Each structure stands twice: as C-alpha cells, then as structure tokens.
Amino acid sequence: MEIKEEGTSEEGQHFLPTAQANDPEDIQFTSIQKIPNEPQLEFILACKDLVAPVCDRNLNTVVQISVIHPVEQTLTRYSSTEIVEGTKDPLFLTGVTFPSEYPIYEETRIKLTVYDVKDKSHDTIRTSVLPEHKDPPPEVGRSFLGCASFQVGELLRSKEQLLSLSLRTSDGGKAVGTIEVSLVKMGEIEDGDTDHITTDVQGQKCALAYECTAAESGSGKDNSPLLNAVLRNPVCKLYRFPTADNKWMRIREQMSESVLSFHIPKELIALNIKEDLCRNQELKELGDLSPHWDNLRKNVLTHCDQMVTMYQDILTELSKETGSSFKSSSSKGEKTLEFVPINLHLQRMQVHSPHLKDALYDVITVGAPAAHFQGFKNGGLRKLLHRFETERRNTGYQFIYYSPENTAKAKEVLSHISQLQPLIATHADLLLSSASQRSADSLRSSLKMLSEKTELFVHAFKDQLVRSALLALFTARPGGILKKPPSPKDSTEDTCPLDEPPQLRRQDSIPHHSDYDEEEWDRVWANVGKSLNCIIATVDKLIERDGHNGGGPRGSSGQDGDTEPSLEDSITSHPKEDWYEQLQPLILTLKECMGEVVSRAKQSLTFVLLQELAYSLPQCLMLTLRRDIVFSQALAGLVCGFIIKLHTSLHDPDFLQQLHTVGLIAQYEGLLSTYSDEIGMLEDMAVGISDLRKVAFKITEAKSSDDLPILTGRREHYVVEVRLPAAMFESLPLQIKEGQLLHVYPVLFNVGINEQQTLAERFGDVSLQESINQENFELVQEYYSIFTEKMPPDYISHFQEQNDLKGLLDNLHQNIQAKKRKNVEIMWLAATICRKLNGIRFTCCKSAKDRTSMSVTLEQCSILRDEHQLHKDFFIRALDCMRREGCRIENVLKNIKCRRYAFNMLQLLAFPKCYRPPEGTYGKADT
Ligand SMILES: O=P(O)(O)O[C@H]1[C@H](O)[C@@H](O)[C@H](O)[C@H](O)[C@@H]1OP(=O)(O)O
C-alpha cells in the first residue's frame, strides 16, 4: 500500500463536500447506515498494558487517528485524543466522530498510532505534516510506541461493538500492548455489562460502557433542512466525561461556518445602495434653492454619489465570493470584506448524560463587529458619533441643527411614506374593483383596509418636525418664497357632491408667489382625511340604497355622524347609480391629495437630511459607512443566531409564544480590553449591537429548502424574512404565520481579561466597560419585566419556581456595581440569565479565535458541571480536552493555519486562571 500524506493541514476535519465525495469511483463502496444529519461513526479509545520503550518514567500517551482512503490508499490525519499522563492503561476522554458529510465507508481503514509524549509543551505545536511510520524527531517531544488499524465495517459488525487490537511497532513486529475501540451510539440505551472495562482515571473508577436514558435528540423532530441551508463545513468532536456518580456522559461538540456571513452583508449593502440612490434623487428633486443651499446640495451630491459608487464596488467584489461562508481573522482589515463578520461560527455542545434529558447548548462565536479597515486611531462609533453630534450642535452657522432623534424621525417618516403611499393606492384600486363588481361585502372590506392605511398615513405627518421643516425649506428657496405647485386644497372642505368630477370642483391653485402660509400645510394634510371621509360616506350611502346596509364596517365619519347634509341629498337624488362611477372621482381626489402631501413632506424632510449631510463632509458619510459596516457584521451574526435558535426550539410552544409576544433576548459577551485599539473596537461593537434593535424578524413559507433570508427596509428599520419549509411553517402559531414582526432585545456585557486590561485597570480607564455593563443591565431588567408581564401567569409562576431569575439579576447587578477587576462572574451570570430566558448567546473578542475559544470552552464545561453533574475532579481535564483537541483549536488552525492559540506566557499570567489554555497549545503565532 502506498501511503501518502494528503493536504497541508495536518489533521483534516475539513473534508470534501458531499457531491464530490459521491463521485462514481466511490459508489462501489458500502455506505455506513446513518441517521440523517447525525454523525456516521463515533468511537472511543482506551489502551491496555502499553510497553514503555525505556523504563525511566511513566508513559504519557496520545493516540493519533488517521483515515486510509479505500481507493487512493492515501492517509489523512484526522484527529487526536488528549494526552493521558502517567499510566500504561490510558483511557481517553476525547473520542472520534465522523460527521454525516465525511466520505467514509465500511471499507475505509482507520489507523491508530500511539505516541509517548515526553514534553507536553512541544507536543501539539505541529505546524507541518509528519510522515506516517516515521517517529517524530525526539526534539518534537513525542516518540512512537505502536500502531494498529481496522476496517470500519469490522467495528460495525463486531459482536459487542468493540474491537481489541494489538499494537505493533513500526516494523510490524513486537506487540506493545492493545488498543480498544468502542463504538458509540449517542442517545442509545446500552444494556449489558457495564463493568467490562474499568479504569482508574486520576483515582476515579468509571465504567466504560454507558447506562443512558432513552434516545431523545435535543430538538425533537428533524428540522435539518433549515440548518443545512445556512451551515457549512462542520467540525465535530466527541468526548466522554465522568459524572459525579461515576457514570459517563457523552458530549458532542460541533462548530460550523455559515453562508450568512456573506449573504447578509450582500443583502444589506444592496439595500443601502437602494436607499442612498433614492435619497440622492430626492435631494436632486428638492427644487430651487437659494445659492447658499444650492451649493451645499451640489457638494453633498458629489460626495453621496461617490459613496454609492464605493458601496457598489464593495458589492461587486463580495458577489464574486459565491459560496463563501467564512472570513478569517487574518482578513479582518481587508477593505472589500469589511461588511463581513470575522470568524463567525455556530459553536454547539450536545450533551447526553445518564438520567437527564439530552440537551443542546449553542453559542455564536464571532469577532467583535468593528471597522478594522478604517482603524481606531480616533476611537470607535460610540465616541465618534457623540463627538460629531456635539460639534454639529455647536456649529450653528450655515446649517440648521436637527437632533439625531429628529434626523432619525425624518428618515422614518420618509420610509413610512414610501411604504404607505403605494399601499393606499393598491387598496383604493381594490375598492374600485369591488365597486365595479357591485359587491357590498367586498366593498366594505376594501374600505376597511383603505381607511386603516389612510389613517396611518395621516397620522405619520402629525409631527411638529414636518411643520418646522416646511418652514425651513421655504426660507431656503430663492428669496424665501415658495413656488406652490397646483394644490387640491379646500377641495373637500365644504361638500362632497357626487355629480361632478372632483378635479373641476377643486379650487385650482395656479402657481403664484406668496409669503409662507403656515396653515396651508394643515389644509393640504387635512384634505387627505376629508377625501377619505367622503369615500366612506359615499360607500355607506351606496350600500344602504342598494339594500345591503347590514351594519357592516363603517368608516369613522359614518360612525360619528358627521356626514354632510349636501352629500346625502346628492346621493338620494340618484336612485340607480353606477358604483364605480360614483367612487372613481373620489378616489382620484384622495390620490391627488395624498400626492400633494407626499411631495411637500418628502421635500421638507429631505431638507432635514441635507442638514445632516452638509455638515462636515466627507466625515459624516464616513461615519455612516462605519456604522453600516459594523451593523452588517452584527446583523449577520444575529440572523445566524436567530435561525439556529428557531431551528432548535421550533417544537417548544412556550418558546414560540415568547417569540411573538415578548421577542428574544440576544446576549453578547465581549472580551475586549479597554485599552489602546480595543477601546475603539468596543465603541464600535456597542453601537453595532444596540443598532440591532432596529431589526425585526418575520417568518414566511419557503418555496424551496435552501431559501436564504431576505432583508427589506432602510437604515431606520429592517425586516429579516426567514423562510421555513412548509411543514415547519404550518406548525407555527397563527400570529407568526400571519407575519407578525418578531423583535430582538440585544444586550452586551464586556469584561476585558488580557494583559491590556491589566494596563487599563492600573493606568488607564475602565469607564467605558462600566457604563456599557450598567446600561445593558438596565436593558436586561426591562426585558425581564416585559417577559413576566406578557407571558401567561401560569407559565411565569412555574418559570419563577424553576429559575431564580430575580436572584441572578440581583447578583449580576451587584457584580457590575462592585467594580472588581476582571470580574468574569459578570459574564457567567449574564450568559446564565440569557440561557434561562431562552435567548441567543454570542461570544466575541477581536477575532473570536483565542480569548473566545477560552471562554466558550469554559462555558461548556461550567454547564456540564452545573447542569449535568460533571465530576468535579474532571472539570479541568474536560476543559483541557476541549481546548487541546476540540473544535476551537480547529478554529485557530482554519484562521491562521497554525494549531496554536496566540498567547504567550506573560500574557497568560494576566489572564484569570480558567481562561488559560493547556500547556503546549499556545505560543507565538503569526496572526
Ligand atoms: O481571538 P483574539 O483573542 O482576539 O486573538 C488575539 C489574541 O488574544 C492576542 O493574544 C494576540 O496577540 C492577537 O492579537 C490575537 O488577535 P488576532 O486578531 O491577531 O488573531
């Protein structure tokens, strides 16, 4: 057999996509029978009676697992166990798992190579492929003990699902002990002898076979199509750890990328472009302005056009990245990838423990949303936005100052108008078509819709801002005189006769010059309401005269009886009229009145936006760009977290009720330090996360299984449409199916843990972290009170019995107030509160690679300890297993092509103890 090494990464959990794996050449092999989306093969290992080459010390052993491809006979290093120290009968806690996509068959051979590790600090620092059969050079710190191999089919067919293989030296001669391979079936009850192998692991006797409760997948039914559409390249790891009562629990760790990393930024940039093009057009359509304002506008337009071009270029570049699902930490400063989140992954832990229900714990790990290309020399968004506003407020001269709230309101009203105007037009047309069919019921229901939307429309303008902006715009016109376009004003003021076409009845306002008439806007605006009232009255009369007046829905004027007498007269004088003809002119008037309101309001509010843009160009636009970039990264993570949460909780009615009545909390754990550049990152992140409040989700039915989410809206308010396969969609509560918007409550807690934070605490300033934590604590409290208010009382009383949320909140509050250095308790409490509230968990540091890996593994082990009775003596060992051979070291590898956390000894001395990785897994790395 020719054995050659494959690939450059030494231990390859990155495998061929399924399509490639199923090439005709492979089809002759026997596939392993599998449960959809479950790993195909999982086993654990133990050695017995290992023979030490020299007797000067105890053996420290590690097993390396390699796969021999049945056709090419190439050998790929797949994974390793942890190092078990000081025994010739090691029992490994880190197992082996082959995810469903991995190209493995019954004919595939697995090779197990056992090494003796002399120097742990060197052992896992392997950056290049070592030839198999060759002992690693002694200076690397390990020596070859023996190897064995088996065919997958042999293990599957073995009597007790266990193989006992003889380990031999490289020349195939001397036996140096045995290695036992036990097949694992997660979630299956294992009967029989639980004592056939026991071992003394650090003094603890544990049975190797399991006593497990019945199989129950964490999410119940198979919702995989939804997840398969968004997740890519899973990396899986398997462990078994002893419980307090010396049973085994099994843990599967999974880490996957998401296509949403690129999909959401592309959607968002496209929307940003659309919004900006529209704004530029509105600026152009602002009409005549006096020279001062006109010059400003020209300048703004030049910059805005350049900005749109830049967004278009970025979108073109991103569109070239078809199928990408991962941006590495080393690309974080790349301009064209700035909108893409760094190192976004789902980190999942699935626990199967005796006597307890299976459980899933998900955390989204992602680099802190921040504008790395723009840099942090001047700080991040929180500071930059504050500074920008203060300067703008104080400039006065040249510009009219509108507060950020007013600017936001102007954008919101503009967005409202653009949604409502076409909607009203559609309902008005539907009303006409009901009229032409002479259907009273359909006329009533069309009228109901039209009334509702028109009332919303009229309401949107009930704002002092529009009024003051109109005046401001008037004074900015040449000579401060407004050239009035023809206005349908007063057209419906007196009566609403049905005999004449409304255009003729309108008092035409031929363009003329006049001083600003403050009340004119009121009249124009009120005309919309009056037109609607006229329509309502007419419909009522038409139906009544037709003998259909069964007390159906009536409009407001009909109800409060202010129908004008002349109208009644005009109607009763026409016994047999054509409904369409009666209504058509009124609808036309309504549309015209609306058009008039829209054009005035649009211009005045666009003038408000001009004030914001005109001040401090191009900084203002760069600030918008920065905010868009940071928001895009944050949004991609949120959408990913939301979809995964939905997927895992789709069959939990309480969750679904919470989703549509309360909304979901999304809790971000930040590990950034408040020192140097990371202050700027934290300032970016804080704004990016709080901007997520502008996002709402909506669930619709998918047409195909790989439908990705769609984004609509504009900067003030976005809606993410998540599309579910029909069967899943059907099972949702009515409110969700009807398209109710689902809200999220993002909260951020940050605790710097590294050596930079030590400097900040000693010589710098930690106030940023303190205020973020305090502000966000208040948000969590607010969420909790909405939760208790809106969820059913029965649920809440049961919930409160089970979870001492009040106690946890008090504890969190005290910890925030305590102002203790590196108080990581804050993170644990915030995460626990989030989990208990059914929220979405996120963990972030600069790159989501090193500190995040420490934190997320710590969280996993703490959950095992607190929720699944992990044996207390195994806490550190479990943590080391996960950090040494788990998904997170694979994360480091895929980011920087080196299996080493980027910490040095000195840095680690500054870390809280539980955040330090095991010896041999960290060191100088080129990040
Ligand atoms: O994933 P991070 O913790 O943000 O990685 C840091 C690491 O903590 C630090 O020790 C190291 O010096 C680098 O700055 C890492 O950041 P990179 O973004 O360069 O990976």
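Residues numbered from 1 in each chain as written. Predicted model: local features only at pLDDT ≥ 70, side-chain atom pairs only at ≥ 80, totals over all residues. Heavy atoms only, no water.

### Some points on the overall build of the protein chain
From N to C terminus, the protein chain includes 30 helices and 23 strands. Within the protein chain, buried positions represent 57% of all 927 residues. In the protein chain, once contacts between residues fewer than 6 apart in sequence are set aside, the share between residues at least 24 apart is 78%. Total accessible area computed for the protein chain in this model is approximately 37400 Å², and 50% of it derives from carbon and sulfur atoms. (Helix = DSSP H or I, 4+ residues; strand = E, 2+ residues; numbered from the N terminus. Buried < 20%, exposed > 50% of the residue type's maximum accessible area, 1.4 Å probe, protein only. Contact = heavy atoms within 4.5 Å. Areas by Shrake-Rupley, 256 points an atom, 1.4 Å probe, with all protein chains shown as cover.)

### Digging into the environment of A636
Positionally, A636 belongs in helix α17 (residues 619–649). On the accessibility criterion, A636 (0% relative accessible area) is buried. Once residues lying within four places of it in the same chain are set aside, the contact partners of A636 are L260, S261, I264, P265, P341 and L344.

### Regarding the environment of S353
Relative to the helices and strands, S353 resides in the loop between β14 (345–352) and β15 (359–365). Its relative accessible area of 1% is what places S353 among the buried residues. It is 4.2 Å that separates the C-alpha atoms of S353 and M249, two residues lying 104 residues apart in sequence. Among the polar contacts made by the side chain of S353, one reaches the side chain of H868 at a distance of 3.1 Å. (Polar contact = N/O pair within 3.5 Å; in protein donor to acceptor, adjacent residues only side chain to side chain.)

### A few points about the packing of α17 against helix α18 (residues 653–661)
At a closest axis distance of 9 Å, the pairing of α17 and α18 adopts a crossing angle of 145 degrees. Listed contacts from α18 to F642, K645, L646 and S649 of α17 are F655, L656 and L659. (Axes fitted to C-alpha atoms, helices over the stretch in contact; angles between N-to-C directions.)

### Quick look at the nonpolar core
With 87 residues, the main nonpolar core has L450, F457, F461, I535 and L583 as its most contacted residues. The dominant element in this core, judged by the number of residues it contributes, is helix α16 (residues 579–614), at 17 residues. Not counting residues within four places of it along the chain, the set of residues in contact with F461 comprises V413, I417, V466, W521, W525, V597 and A601. Counting residues in each nonpolar core, the second largest holds 65 residues, with F787, M791, L805 and F903 among its members. (Core = buried A, V, L, I, M, F, W, Y, C linked by side-chain atoms within 4.5 Å.)

### Here we look at empty space enclosed by the protein
Throughout the structure, instances matching the rule amount to eight cavities of 30 Å³ or more. In this structure, the largest cavity encloses a volume near 70 Å³. Taken together, 14 residues form the lining of the largest cavity, with L226, A229, S705, D707 and R723 sitting closest to its centre. For the lining of the largest cavity, the element with the highest residue contribution is helix α5 (residues 224–230), accounting for four residues. The residue makeup of the lining of the largest cavity, split by class, is 10 nonpolar, two polar and two charged. (1 Å grid on protein atoms, 1.4 Å probe; cavity = no way out; pocket = protein on both sides within 12 Å on 5 of 7 lines; lining within 4 Å. Points joined across faces, edges and corners; volume = space filled by probe spheres on them. Nonpolar A, V, L, I, M, F, W, Y, C, P; charged D, E, K, R; others polar.)

### A look at the pattern of salt bridges
Two side chains with opposite charge may pair up if their charged atoms get near one another. Counted according to the given criterion, the structure contains 40 salt bridges. Among the ionic pairs, K737 bridges to E730, the shortest N-O distance being 3.4 Å. Each member of the salt-bridge network shares a partner with another, and the members are E275, D276, R279, D628 and R715. (Salt bridge = Lys/Arg side-chain N within 4 Å of Asp/Glu carboxyl O.)

### Quick notes on the confidence of the model for the protein chain
Across the protein chain, the average pLDDT comes to 84, with 82% of residues at 70 or higher. Ignoring residues within four places in sequence, the model shows residues 1–22, a span with pLDDT below 50, making 66 contacts including any to other chains. A low-confidence stretch, residues 189–221 stays under pLDDT 50, and its non-local contacts, those more than four residues away or across chains, total 72 contacts. The ipTM assigned to the predicted complex is 0.96, against a pTM of 0.83. (pLDDT = per-residue confidence, 0-100.)

### Some thoughts on the packing of helix α26 (residues 825–836) against helix α27 (residues 851–868)
Contact pair α26 / α27: the axes reach a minimum separation of 12 Å and the direction vectors enclose 65 degrees. By the angle class used here, α26 and α27 are roughly perpendicular. Relative to α27, the crossing made by α26 is right-handed. Between α26, through W828, A831 and R835, and α27, the contact on the second element is made entirely by E859, S862, I863 and D866. Here the contact of α26 with α27 is built from residues that sort into three nonpolar, one polar and three charged. (Parallel < 35°, antiparallel > 145°, perpendicular 65-115°, else oblique. Left-handed = near helix turned anticlockwise from the far one by under 90°.)

### Considering the pairing of strand β23 (residues 840–844)
Burial analysis of β23 places five of its five residues in the buried class, which makes it a mostly covered element. Where burial is concerned, the two faces of β23 agree: the one with I840, F842 and C844 and the one with R841 and T843 are both buried. As paired elements, β15 and β23 share two bridges and run parallel to each other. Looking at β23, one finds that I364 is bridged to F842. Here five bridges tie strand β18 (residues 664–670) to β23, and the two strands are oriented parallel to one another. Within β23, the position partnered with E669 by the bridge is T843. (Pairing = 2+ DSSP bridges.)

### As for the pairing of strand β22 (residues 742–750)
Of all nine residues that make up β22, seven are buried, and the element is covered over most of its length. By the bridge criterion, two bridges tie strand β19 (residues 695–701) to β22 in an arrangement that is antiparallel. Following the sheet pairing, F697 is matched in β22 by L742.

### Some remarks on helix α25 (residues 805–818)
Over its 14 residues, α25 extends 20 Å from the first C-alpha to the last, a length consistent with the 20 Å expected when each residue adds 1.5 Å. The complete set of buried residues in α25 reads L805, L808, L809, L812, N815 and I816. For α25, the angular spread of the buried residues around the axis is 125 degrees, confining them to a single face. Across from the buried face of α25, at angles greater than 90 degrees, the exposed residues are K806 and Q814. Packing partners of the buried residues in α25 comprise β22, α23 (767–790), α24 (793–802) and α26. After α25 finishes, the residue K819 shows a positive phi value of roughly 50 degrees. (Expected span 1.5 Å × (residues − 1). Arc of directions from axis to C-beta.)

### A few points about the side chain of R883
Examined against the element boundaries, R883 turns out to sit in helix α28 (residues 875–885). Summary of buried charges: R883 has no salt-bridge partner, and the nearest side chain of opposite charge, D880, is 5.4 Å away. At 3.0 Å, the side chain of R883 and the backbone oxygen of R916 are in polar contact. With residues up to four places along the chain from it excluded, the contact list for R883 reads M854, T857, L858, I889, Y901, C914, Y915, R916, P917 and P918. (Lys, Arg positive; Asp, Glu negative; His and termini not counted.)

### Brief notes about unusual backbone geometry
A positive phi is found at K819, a non-glycine position, where the angle reads about 50 degrees. When you line up the elements, K819 lands in the loop between α25 and α26. We note that A848 has phi near 60 degrees; this positive angle belongs to a residue other than glycine.

### Focus: α16
With 36 residues, α16 extends 51 Å between its outermost C-alpha atoms, agreeing within 8% with the 52 Å of an ideal straight helix rising 1.5 Å per residue. Of all the 36 residues making up α16, 26 are buried; the element is thus mostly covered by neighbouring parts of the structure. The N-cap residue of α16 is D578: its side-chain oxygen and the backbone nitrogen of Y580 are 2.8 Å apart. Downstream of α16 by a residue or two, S616 has a phi angle that is positive, lying close to 55 degrees.

### So, the environment of E919
For E919, the location among the structural elements is in the segment after α30 (905–910). On the basis of relative accessibility, which here comes to 44%, the residue E919 falls in the partly exposed class. Taking the C-alpha atoms as reference, E919 lies 49 Å from E389; in sequence the two are 530 residues apart.

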